[in-house]
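Structural description and commentary
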Amino acid sequence: MTQKASAPTDSGPNRLFLLAIGALVVVGLAVVAIVAGSRGDDGDVAAGSGDAGSGGDVVLDGQETADIAVAGDALPPLPEGVRIADATNDPAYGLAAPTLSGTGFDGGEVVIEDDGRPKAIYFLAHWCPHCQAEVPTIQELIDEGKLPADLDVYAVSTAVDRGRGNYPPSSWLQDEGFTPTVIRDDDAVSALAAYGASSFPFAVYVNQDNQVVARTAGSMEKGQLEQLWQATATAP
């Protein structure tokens, strides 16, 4: 197991990060879908075909979920009411993000680990209407060249349910032209649990030292996402 990282202090460069994201207006972020047995809106987004995250026609391995290995200490759950402007109140702030090792929809290996690069990691459920709205927003920012060169974006396809709307997630993400690297969670949602999530969309932002600098639960506007990307890319 990896050791938990020491929480950064609230002075110097870390304070600059908080000031950068403190400008975001995120009061009242909605908890849009609870994982434990929630059966809310499915949304009526039509599914397409092909592989997510590739931008091309890749033969799927036939599975929407897959084994995933989690290394390191799990992050504590994100408490309700923690806003971006108060990121240091999140008990995960400054902790090391767990390593995820698994596969994409084409069966290719995907690892999200401490590699010296800042990251934005999005946990997405195909049946969540707010996830369905946020995916094209993320892609639009990427297509507009707003993704910082020093930031990597990943997505975790999780909470897969064949009986709910917008299934399968591989087709949905391909239909959206979603280009970030996607890793499949397992049937027990091990990755989702390891990152302390309970609602969607859920995002975790980590700095170059693999320390959590912010987590969000609920829909984010385009400008807010762009500011978070910029702040995370330059976070100490």
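Preceding this section is the structure that the text describes.
Our subject in this report is the structure included herewith. A quick note: this is a predicted structure, and the numbers were derived from the prediction, not measured.

Applying the stated criterion across every chain yields a total of 6 salt bridges. For Arg215, the salt bridge identified is with Asp90, shortest N-O distance 2.7 Å. Highlighted residues: Arg215 in strand β8 (residues 212-217) and Asp90 in the loop between β1 (69-71) and β2 (99-103), separated in sequence by 125 residues. For the pair Arg215 and Asp90, one class covers both residues: buried. Across the pair Arg117 and Asp152 runs a salt bridge, and its minimum N-O distance is 2.7 Å. Taken together, the positions of Arg117 in the loop between β3 (109-112) and β4 (119-124) and Asp152 in strand β5 (residues 152-157) put the pair 35 residues apart, joining distant regions of the chain.

Judged by side-chain charge, Glu109, Glu113, Asp114 and Asp209 come together as a negatively charged surface patch. Along the chain, Glu109 falls in strand β3.

What follows deals with the packing of aromatic side chains. In the structure shown here, the tally under the stated rule is 4 aromatic pairs. Each ring, one from Trp127 and one from Phe200, has its centre 5.7 Å from the other, and the planes form 90°; the classification is edge-to-face. Separated by 73 residues along the polypeptide, Trp127 in the loop between β4 and α2 (129-143) and Phe200 in the loop between α4 (190-194) and β7 (202-206) bring together distant segments of the chain. Across this residue pair, the class does not change: Trp127 and Phe200 are buried. Feature note: the residues Phe123, Tyr195 and Phe202 constitute an aromatic cluster, connected by ring pairs. For the cation-ring pair, Arg164 lies above Trp127, with the distance from its terminal atom to the ring centre recorded as 3.7 Å.

About the thresholds
- Residue positions are counted from 1 within each chain, in the order its sequence is given.
- The predicted origin of the model limits local features to residues at a pLDDT of at least 70 and limits the giving and counting of side-chain atom pairs to 80 or more, whereas totals for whole chains, interfaces and linings rest on all residues.
- Side-chain metrics rest on all non-hydrogen atoms present in the structure, leaving aside hydrogens and water.
- We define a salt bridge as a contact between a side-chain nitrogen of Lys or Arg and a carboxyl oxygen of Asp or Glu at a distance within 4 Å.
- Under the DSSP-based scheme used, a helix requires at least four consecutive residues in state H or I and a strand at least two consecutive residues in state E, with every element numbered from the N terminus.
- Only protein chains enter the accessibility calculation, which uses a 1.4 Å probe. A residue is then buried if its area is under 20% of the maximum for its type, exposed if over 50%, and partly exposed in between.
- Distance thresholds for patches are 9 Å for like charges and 5 Å for nonpolar side chains (Val, Leu, Ile, Met, Phe, Trp, Tyr), applied to residues having over 30% relative accessible area and no salt bridge.
- Areas reported as accessible are Shrake-Rupley estimates using a 1.4 Å probe. Residue values count occlusion only from the protein chains shown.
- Positive residues here are Lys and Arg, negative ones are Asp and Glu, while His and the chain termini are left out of the count.
- In plain terms, the charge of a residue is placed at NZ if it is Lys, CZ if Arg, CG if Asp and CD if Glu.
- Here a pair means two rings of Phe, Tyr or Trp (six-membered ring of Trp) with centres within 6.5 Å. Their orientation is stacked below 30 degrees between planes, edge-to-face above 60, and tilted elsewhere.
- We call a charge positioned over a ring when the NZ of a Lys or the CZ of an Arg lies within 6 Å of the ring centre and within 35 degrees of the ring normal.

Read these as spatial facts, not as claims about activity.
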